[in-house]
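# Observations on the three-dimensional arrangement
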Number of protein chains: 2
Amino acid sequence: MKLAVPTETRPGERRVAMVPEVVGRLPGVEVAVQAGAGRAAHFGDDAYQERGASVVGDLAALLEGAEVVAKVQPPTPEELASWPEGLTLVSFLAPLAQPEVVQALADRRATVFSLDLLPRISRAQAMDALSSQATVAGYRAALAAAELLPKFFPLLMTAAGTVPPAKVLVIGAGVAGLQAIATARRLGAQVRAYDVRAAAKEEVQSLGATFVELPLETQEGAGGYARAQSEEFLTRQRELLAKEVAAADVVLTTAAVPGRRAPVLVTRSMVQQMAPGSVVVDLAADSGGNCEVTQAGQDVEVGEVVVRGLSNPPSGMPTHASFLYARNVANFLALLVRDGQLAPDFGDEIVNSTCVVRQGEVLHGPTREALGLP
Amino acid sequence: MKLAVPTETRPGERRVAMVPEVVGRLPGVEVAVQAGAGRAAHFGDDAYQERGASVVGDLAALLEGAEVVAKVQPPTPEELASWPEGLTLVSFLAPLAQPEVVQALADRRATVFSLDLLPRISRAQAMDALSSQATVAGYRAALAAAELLPKFFPLLMTAAGTVPPAKVLVIGAGVAGLQAIATARRLGAQVRAYDVRAAAKEEVQSLGATFVELPLETQEGAGGYARAQSEEFLTRQRELLAKEVAAADVVLTTAAVPGRRAPVLVTRSMVQQMAPGSVVVDLAADSGGNCEVTQAGQDVEVGEVVVRGLSNPPSGMPTHASFLYARNVANFLALLVRDGQLAPDFGDEIVNSTCVVRQGEVLHGPTREALGLP
């Protein structure tokens, strides 16, 4: 079986779906990498070749004879126009955000597995690319905040006097939030964290942070994700959060609901209550932002407070983000390949849940709806 | 006694010599702050006023009737032209780097105390502004490296696999180097550190880092600083360091010799031996750089390695840098003021060592020489 790894083409995307170290761990799979595909993540063509991959300059030649394509970002409809028919794609897809891409894949009679649809069961953890990339994002968010803040994160006792630790508030204690907490704690900050899911309390506390409890009903959704909230709930939540935000040097927001616009948890007026020099880092910037003033990829100043909208944070640390993603892909491929042959078992819960398109047929219910399919 | 605190005018300087919190700790001293002086460090005029300082819009009015002026950067000769005669200045001065400023101060019949000339005795530690600012610089250098590196600093054990910790090499284990080590260790990196002073070994090890021993004679200088080295010594040192540099993901250089150009410890060819994606952060950029390719305030790419020349790193974290500096200034002023009157005791070792100009007479030997004074 031949696996093709094209160069990512989305602007600003520095990751690559396969790394040299993982190439050797794919028994029975012949890996072909597009020339320069790993360059932005600092994996040279020679490093892939040393691990037994072939390097192909041209995309058409790369896809010729391939059965599976591994990508980070989905291909564009324009790219797909030149794809051979019948390929299998493993990628992030966010099918509801771009149903036109799903349609274009169906038109190429492709079979498509979207890693963002993995069920949250323990067997799927080793393939969970949303989690691995959220780990990177949470780490990057805490670093960005430390660099932006005009103060130290750690308590410092110096001959000139004692500097108190920074007060960091993390909103949303999923994978990204927990890694942000851990990183801010490593740097010595005092961390408080809030999540609508009461279940997050124990994890937050195990990292040495204080769990913020607001007098609101819990909002546990399916599969361990937060569910979408009513506008009334959000208003009350914002009122209660305002005092926490005002007391923080740093607010890190990580509240995303899969497939929807991120909820606005921090309003402009809440930012205005923060002390001069404070910092907000918004990890939900690409899905609209948890902060009202967030602009993806930009620093917005509200008085003397900076609000950074981190865009695609895993791409900012492409070597390790790609390494973890490639491991996820390799673990997922193990479900699709038997004795070196592509043979997905659609009876497997993981294979079945992630399959958005099968040989041109759109299977994913919500996407069928978005495309107006019967 | 009236203490005047002007707005810093050097481009990129965001610090201020006095902060509101410290204003109240200067018994018998009337503090006047130029309007907006603390703004870039996030101290508002109102905050100074709440602590009892007066805020004055105009520099001439600020200096009118003042006896002492506190600054971070020395005034320029142009600024000095409008200074009243006979003022006392407490500031960083680096008198040898800018003898023309010393001359201009002497022309104004000023008395000048340069905080960079403090003797390294324990009584002076609370005034040691070089150390407090180096603490900030070392912290900032480690953060900058973590943000630039396309990998994690910490070891991470995730469901997708284990990521090894980053390998950080710190060259120069003075105050800045030790803080860089501590910060990189906090973030979970594996740290090795090198210093020409054998005495640094114990401090390095106490922070959980490995001390790199090269077969070279020790280079302990006066007052606990490193002394300048011969070109022959430096060449041999570079040869021995090359292997250490090549093995590191991150090299942080902090080797400065007061009043001289920083020694070049990392050549371009050493950088070329580093793996793609590696990072060099040079804290000595403003004094010429420890790395051959360093440009102050810029990122220079050598192949796939980034060399960042940090310019004035304490200014990048102006709130706490100013807080520590103001504490240093306050502690120093306690030596100059008795019963609310300016009465420096020139018999005191600290007062005597730091006094570069006294009522217009240049006292500092090396500066007299630089100015061609008999």
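No experiment lies behind these values; they were computed from the predicted model shown.

The rules behind these values
All residue numbers refer to positions counted from 1 along the written sequence of the respective chain. Here the convention is simple: chains get letters from A, ligands get numbers from 1, in the order in which they are written. Per-residue local features of the predicted model are confined to residues with pLDDT of at least 70, and side-chain atom pairs are confined, for both listing and counting, to 80 or more; whole-chain, interface and lining totals are unaffected and use all residues. As a rule here, side-chain values come from all non-hydrogen atoms in the structure, and water together with hydrogens is ignored. Salt bridge, as used here, is a side-chain nitrogen of Lys or Arg placed within 4 Å of a carboxyl oxygen of Asp or Glu. Runs of E in the DSSP output that reach at least two residues are strands. Runs of H or I that reach at least four are helices, and both are numbered from the N terminus. Burial classes: relative accessible area under 20% of the type maximum marks a residue as buried, over 50% as exposed, and values in between as partly exposed (1.4 Å probe, protein chains only). We call two residues contacting when some pair of their heavy atoms lies within 4.5 Å. A simple way to read buried area is as the amount of 1.4 Å-probe accessible surface that goes missing from two parts once joined, with both sides added. The definition of a polar contact used here is a pair of N or O atoms within 3.5 Å, where within protein one atom must be able to donate a hydrogen and the other to accept one, and adjacent residues in sequence count solely through side-chain atom pairs. Pairing of aromatic rings covers Phe, Tyr and Trp, the last counted by its six-membered ring, and requires centre-to-centre distances within 6.5 Å; plane angles under 30 degrees mean stacked, over 60 mean edge-to-face, and any other angle means tilted. Ring-over charges, as used throughout, are those where CZ of Arg or NZ of Lys falls within 6 Å of the ring centre and within 35 degrees of the ring normal. Residue-level confidence of the predictor is what pLDDT reports, using numbers from 0 through 100. For two strands to count as paired, DSSP must find a minimum of two bridges between them. The crossover handedness rule: strands pointing away from the viewer, path from first strand over the helix to second strand clockwise, crossover right-handed. One less than the residue count of a helix, multiplied by 1.5 Å, gives the span that helix is expected to have. For every element, the axis is a line fit to its C-alpha atoms; helices are fit only across the contacting stretch, and the angle between N-to-C directions ranges from 0 to 180 degrees. An angle counts as roughly parallel when it lies under 35 degrees, as roughly antiparallel when it exceeds 145, as roughly perpendicular when it falls between 65 and 115, and as oblique in every other case. When the near helix sits turned anticlockwise from the far one by under a right angle, the crossing is termed left-handed; a clockwise turn instead gives a right-handed crossing. Charged residues are taken to be Asp, Glu, Lys and Arg, nonpolar residues to be Ala, Val, Leu, Ile, Met, Phe, Trp, Tyr, Cys and Pro, and polar residues to be all remaining types, Gly included. Among the buried residues, those of types Ala, Val, Leu, Ile, Met, Phe, Trp, Tyr and Cys that are joined through side-chain atoms within 4.5 Å form a nonpolar core. Residues reaching a pLDDT of at least 70 in both copies supply the C-alpha atoms on which the copies are superposed by least squares. Bend at a given residue is defined as the angle between two axes, one fitted to the seven residues that end at that position and one fitted to the seven that begin there.

### What to know about the pattern of salt bridges
Taken as a whole and judged by the stated rule, the model has 24 salt bridges over all chains. Note that E213(A) is salt-bridged to K201(A), the shortest N-O span being 2.7 Å. Taken together, the positions of E213(A) in the loop between β11 (210–211) and α9 (231–247) and K201(A) in helix α8 (residues 200–206) put the pair 12 residues apart, joining distant regions of the chain. Judged by its relative accessible area of 53%, E213(A) falls in the exposed class. Between R238(B) and E231(B) there is a salt bridge, with its nearest N and O atoms 3.0 Å apart.

### Considering the interface of chain B and chain A
At the junction of the two partners, chain B supplies 44 residues and chain A supplies 44 residues. Counting the surface chain B buries against chain A, the share from its top three residues, E147(B), F152(B) and R186(B), is 18%. With a closest N to O distance of 3.4 Å, R39(B) and E304(A) form a salt bridge. Summed over the shared surface of chain B and chain A, the result is 17 residue pairs in polar contact (both at pLDDT 80 or more).

### Quick word on the packing of aromatic side chains
All chains considered together, the criterion is met by 8 aromatic pairs over all chains. Plain terms: the ring middles of F152(A) and Y139(B) are 4.9 Å apart, the flat faces sit at 55° to each other, and that makes the pair tilted. Remark: Y139(B) occurs in helix α6 (residues 129–148) and F152(A) occurs in the loop between α6 (129–148) and β7 (156–158); the pair is interchain, linking two chains. On the basis of relative accessibility, which here comes to 0%, the residue F152(A) falls in the buried class. Taken together, the ring pairs connect F113(A), F332(A) and F346(A) into an aromatic cluster. Sitting over the face of the ring of F346(A), R358(A) holds its NZ or CZ atom 3.6 Å from the ring centroid.

### Quick notes on the confidence of the model for chain A
Averaged over every residue, the pLDDT of chain A is 94; residues scoring 70 or more account for 97%. The ipTM assigned to the predicted complex is 0.94, against a pTM of 0.95.

### Notes on the pairing of strand β10 (residues 190–194) of chain B
Each regular strand carries side chains that alternate between the two faces of the sheet. All names here are of chain B. The pairing of strand β9 (residues 167–171) with β10 spans 5 bridges and is parallel. Opposite V170, over in β10, you have A193 as the bridge partner. Taking the sense of rotation as the criterion, the β-α-β connection linking β9, helix α7 (residues 175–186) and β10 turns out right-handed. Crossover handedness for the path β10 to helix α8 (residues 200–206) to strand β11 (residues 210–211): right-handed.

### Structural notes on the environment of G28(A)
All names here are of chain A. By the secondary structure assignment, G28 is in the loop between α1 (20–23) and β2 (30–34). By relative accessible area, which is 52% here, G28 ends up exposed. Remark: the alpha-carbon pair of G28 and D339, spanning 311 residues in sequence, is separated by 6.8 Å. With near-sequence residues (within four places) excluded, G28 lies in contact with M1 and G340.

### Remarks on α6(A)
Residues and elements named next belong to chain A. With 20 residues, α6 extends 28 Å from end C-alpha to end C-alpha; this agrees with the ideal 28 Å at 1.5 Å per step. A large share of α6 lies buried, amounting to 18 of its 20 residues. Its side-chain oxygen at 3.3 Å from the backbone nitrogen of L130, D128 defines the N-terminal cap of α6.

### Considerations on the packing of α6(B) against helix α11 (residues 318–336) of chain B
All names here are of chain B. As a packed pair, α6 and α11 sit with axes 9 Å apart at the nearest point and diverge in direction by 170°. It follows that α6 is roughly antiparallel to α11 by the angle criterion. Relative to α11, the crossing made by α6 is right-handed. Residue-level inspection shows A129, S132, Q133 and V136 of α6 in contact with α11, the latter providing A321, L324, Y325 and N328. Broken down by class, the residue content of the contact of α6 with α11 amounts to 5 nonpolar, 3 polar and no charged.

### Looking at the nonpolar core
Within the largest apolar cluster, 168 residues are counted, with the highest numbers of intra-cluster contacts made by L3(A), F153(A), L3(B) and F153(B). Setting aside anything within four residues of it in sequence, one finds F153(B) in contact with Y139(A), A142(B), A145(B), A146(B), P165(B), A166(B), V168(B), A184(B), L187(B), G188(B), A189(B) and V250(B).

### A word on the relation of the copies chain B and chain A
Turning chain B through 180° and shifting it by 0.0 Å along the axis lays it on chain A, with an RMSD of 0.0 Å. Interpreted geometrically, this transformation is the action of a two-fold axis. Residue R186(B) of chain B places its C-alpha closer to the rotation axis than any other residue of that unit, at 2.7 Å. Both copies contact each other with a shared surface, as 100% of the interface residues of chain B are interface residues in chain A too.

### Comments concerning the sheet that holds strand β2 (residues 30–34) of chain B
Strand pairing within a sheet occurs via backbone hydrogen bonds; the two strands may be parallel or antiparallel. Residues and elements named next belong to chain B. If you walk across this open sheet you meet the 8 strands as β3-β2-β1-β4-β5-β6-β18-β19, and the pairing is mixed. Each of the sheet's edge strands pairs with one partner strand only, and the pair in question is β3 (54–56) and β19 (361–362). As judged from the 2 bridges shared by strand β18 (residues 355–358) and β19, these two strands associate in the antiparallel manner. Bridging from a neighbouring strand, V357 pairs with V362 of β19. Sheet strands in contact with helix α5 (residues 99–107) are β5 (88–91), β6 (111–114), β18 and β19, and its direction is about 35° off that of β18. Lying over the sheet, α11 contacts β1 (2–5), β4 (68–70), β5 and β6, oriented at roughly 140° with respect to β5.

### Some points on the sheet that holds strand β12 (residues 250–253) of chain A
All names here are of chain A. Spatially, 7 strands are ordered β11-β10-β9-β12-β13-β15-β14 in an open sheet, and the strand pairing comes out mixed. Each edge of the open sheet is held by one strand with a lone partner, namely β11 and β14 (299–302). Summarising the sheet, strand β10 (residues 190–194) and β11 pair through 2 bridges and their orientation is parallel. The residue bridging A193 from the neighbouring strand is F211, located in β11. Against the sheet, α9 contacts β9 (167–171), β10 and β12, and its axis sits at roughly 155° relative to β9.

### What to know about the pairing of β9(A)
Residues and elements named next belong to chain A. Across the 5 residues of β9, 4 count as buried, placing the element largely inside the fold. As paired strands, β9 and β12 are joined by 4 bridges and run parallel to one another. By the bridge assignment, L169 is partnered in β12 with V251.

### Comments concerning the packing of α6(B) against α7(B)
Residue and element names in this part refer to chain B. Interhelical geometry of α6 versus α7 gives an angle of 40° and a closest axis separation of 7 Å. By the angle between their directions, the pair α6 and α7 is classed as oblique. As for the relative orientation of α6 and α7, their crossing is right-handed in sense. Residues S131, A134, T135, G138, Y139 and A142 of α6 pack against V175, A176, Q179, A180, T183 and A184 of α7. Taken together, the residues of the contact of α6 with α7 sort by class into 7 nonpolar, 5 polar and no charged.

### A short note on helix α9 (residues 231–247) of chain B
Residue and element names in this part refer to chain B. Taking 1.5 Å of rise per residue, 17 residues should cover 24 Å, and α9 covers 25 Å from first to last C-alpha, within 8% of that figure. The largest bend in α9 amounts to roughly 35° and is located at L241. Along α9, the residues that are buried comprise F233, L234, Q237, R238, L241, E244 and V245. On its buried face, α9 sits against β9, β10, β12 (250–253) and α10 (268–272).

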